[in-house]
Amino acid sequence: MYLTLPRAELDGTGIAVTYRITAKDPAEMLTLPFIGVPPTALLLKDGKIVATQTPHRGDGPTATVALDYRVGEEPYEEHLTIDRACPGTSFKDVATDPGRYRVVTVMSVQGAGMPEDMKTVPLVQASAALGVTA
């Protein structure tokens, strides 16, 4: 399974992020709700987190949509918004020097078994520069 960020754009009030999950094997499926860490978008400046998305409550609105979704046949795509700047950072600061910032999305690797079967839940990540459209 692969995680990519085809879109990470500053829009004045935050950063609109699109993540995409794909797979080479046509039979590979998502089995949401995501366990461990749901897809989470972060903004980094010089490698340090300076803004985050507002945390989701519960499993999120896409949990039932992606249940048994065949990402090997068609990519699964969703949107996140980085809308909470840490103290000392504003989205206006980001706009003045976007080259110092990078968007990273992390999520738990999806396991083949039930959540209680997984002893550890590794993370997968994808990153993109601001303003990237693919």
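Residues numbered from 1 in each chain as written. Predicted model: local features only at pLDDT ≥ 70, side-chain atom pairs only at ≥ 80, totals over all residues. Heavy atoms only, no water.

Asks: Just give me the short version of the confidence of the model for the protein, but keep the residues and values in it.
Replies: Here the protein shows a mean pLDDT of 80. Residues at 70 or above account for 75%. For the protein, the element scoring lowest by mean pLDDT is helix 1 (residues 63-66), at 52; strand 5 (residues 48-53) scores highest, at 95. Across residues 58-63, where pLDDT falls below 50, the model places six contacts with residues more than four positions away in sequence or in other chains. (pLDDT = per-residue confidence, 0-100. Helix = DSSP H or I, 4+ residues; strand = E, 2+ residues; numbered from the N terminus. Contact = heavy atoms within 4.5 Å.)

Asks: So what's going on with the pairing of strand 4 (residues 40-45)? Residues and values would help.
Replies: In regular strands, side chains alternate between the two faces of the sheet. In terms of strand pairing, strand 4 meets strand 8 (residues 101-108) through six bridges, oriented antiparallel. In the sheet register, Thr40 faces strand 8, and the bridge partner there is Val106. Bridge count for strand 4 against strand 5 is four bridges, and the pairing is antiparallel. Bridge pairing in strand 5 links Lys45 to Lys48. Where strand 4 folds back onto strand 5 in an antiparallel hairpin, the turn is made up of two residues, including Asp46, whose phi is positive at roughly 50°. (Pairing = 2+ DSSP bridges.)

Asks: Give a description of the pairing of strand 5 that names residues and reports values.
Replies: Relative to strand 7 (residues 76-85), strand 5 runs antiparallel, the two sharing three bridges. Bridge assignment links Gln53 to a residue of strand 7, and that residue is Ile82.

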